Amino acid sequence: MTGVLAALGAAMAWTGASALWRSLSGRVTAIRLNAMKNGLASLLFLPVLLTLPHNTEVHAVLLLLISGLIGIAAGDSFYLGALRRLGTRRTLTVEASGPVLASIAGVLVMGDSLAVKNGLGALLVSSAVVLIAMQAKETSQGERGGSAADFGIGLLLALTAVVCGLSGAFLARHVLISSDLTPLQTASIRLLGGWLGLLPFLKGIWRQTKLKQREQWKLVIATVVGTNGGILLQQVVLQTMPVGEGVTLMATAPVMALFVGRIEGDPIQLSGVAAAGLALAGVACTSL
């Protein structure tokens with residue numbers, strides 16, 4: 001029960017944080033927003049870095065820093081850019097393709113065999129992404145206040161974010177299975193790597209963005225809940241329940257985001273429900 005609650009909590013944390021980050025996307029660029037949130041998250045996890053063993057291999061630390069550079073500095077920047085263009089619901093639905101793409105990558109890179117259910121999962125998630133892409137017609141008609149071209153860029157950014165996230169995760173997993181570092185320690189090093197990669201964008205960032213006090217609180221809450229809290233809950237899931245079941249429960253974020261969409265002016269529609277359901281079913285086929 002602890003793992004189930006942690007998985008659902010992680011999904012809720014990512015959904016809520018994504019909605020808050022999206023509300024700030026009009027005030028600051030995706031890269032600068034990512035730099036601010038990762039700076040705060042790294043600061044909160046700084047005490048964890050002090051627990052690293054003295055005999056920690058430099059090679060492992062370097063791989064984790066690179067993992068953070070790819071998965072967090074680049075991946076999260078693409079993700080935040082997608083949030084601005086697609087909205088929380090659509091972006092999280094595309095993000096749900098991560099476990100399926102990881103399975104396909106395992107076949108192509110690691111030589112794993114492709115089971116029938118994995119192929120079915122890939123088909124279901126691909127159908128969800130196609131449904132989202134078809135909504136470009138709605139956007140081009142001005143129903144969401146954007147253009148079809150902007151919508152297409154958002155979809156491309158979301159898919160790129162998934163690829164970056166998976167690349168970073170593969171590197172982090174390699175370190176986890178080949179060293180004595182704990183998941184929390186590796187997560188802290190990855191956050192540091194992401195923050196270091198974004199340092200060039202931090203110069204004068206608070207003065208130039210001029211966020212209002214309410215917006216600053218949104219940033220802090222989204223970072224604590226979505227980045228720090230989400231990572232901690234994710235580690236609890238991986239430690240207390242089978243990976244497949246945990247991944248599937250955490251992939252309920254697109255379903256939860258259906259209700260967030262109403263707040264963002266994106267009412268629940270049949271196509272949106274279908275896309276979220278297909279994504280969740282695809283992850284279940286691949287992970288269970």
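All residue numbers refer to positions counted from 1 along the written sequence of the respective chain. Given that the model is predicted, a residue must reach a pLDDT of at least 70 before its local features are reported, and side-chain atom pairs must reach 80 or more before they are shown or counted; all residues, however, enter totals for whole chains, interfaces and linings. With hydrogens and water stripped out, all remaining heavy atoms of the structure feed into the side-chain values.

Asker: Residues and numbers for helix H5 (residues 88-95), please.
Answerer: Residue exposure (1.4 Å probe, protein chains only): buried if accessible area is under 20% of the type maximum, exposed if over 50%, otherwise partly exposed. Comment: elements are numbered from the N terminus, with helices defined as DSSP H or I runs of at least four residues and strands as E runs of at least two. Along H5, seven of the eight residues are buried, which leaves the element largely enclosed by surrounding structure. If you check which residues of H5 are buried, you get Thr88, Arg89, Arg90, Thr91, Leu92, Thr93 and Val94.

Asker: Tell me about the packing of helix H4 (residues 58-86) against helix H10 (residues 183-197), residues and numbers included.
Answerer: Contact pair H4 / H10: the axes reach a minimum separation of 7 Å and the direction vectors enclose 60 degrees. With respect to H10, the axis of H4 lies oblique. Handedness of the crossing formed by H4 with H10: right-handed. Together, Val61, Leu64, Leu65, Ser67, Gly68, Leu69, Gly71, Ile72 and Ala73 of H4 and Thr186, Ile189, Arg190, Leu191, Leu192, Gly193, Gly194 and Gly197 of H10 make up the contact between the two elements. For the contact of H4 with H10, the residue count by class is nine nonpolar, seven polar and one charged. Only the contacting stretch of a helix is used when fitting its axis, a line to C-alpha atoms as for every element, and angles between N-to-C directions run 0 to 180 degrees. In this scheme, roughly parallel covers angles under 35 degrees and roughly antiparallel covers those over 145, while 65 to 115 is roughly perpendicular and the rest are oblique. It is the rotation of the near helix from the far one that decides the hand of a crossing: anticlockwise by less than a right angle makes it left-handed, clockwise makes it right-handed. Throughout, a residue-residue contact means that at least one pair of heavy atoms, one from each residue, lies within 4.5 Å. The classification used treats Ala, Val, Leu, Ile, Met, Phe, Trp, Tyr, Cys and Pro as nonpolar, Asp, Glu, Lys and Arg as charged, and all other residues, Gly among them, as polar.

Asker: Please provide a residue-by-residue account of H10, values included.
Answerer: The first and last C-alpha atoms of H10 sit 21 Å apart over 15 residues, in line with the 21 Å expected at 1.5 Å per residue. Every buried residue of H10 is accounted for by Gln185, Thr186, Ala187, Ser188, Ile189, Arg190, Leu191, Gly193 and Gly194. To estimate the expected span of a helix, subtract one from its residue number and multiply by 1.5 Å.

Asker: I'd like to hear about the confidence of the model for the protein, residue by residue, with values.
Answerer: It should be kept in mind that the predicted coordinates are not to be read in detail where pLDDT is low. Here the protein shows a mean pLDDT of 78. Residues at 70 or above account for 77%. Across the protein, element-level confidence peaks in H4 with a mean pLDDT of 91 and bottoms out in helix H8 (residues 136-140) with 51. Here pLDDT means the predictor's own confidence in every residue, given as a number from 0 to 100.

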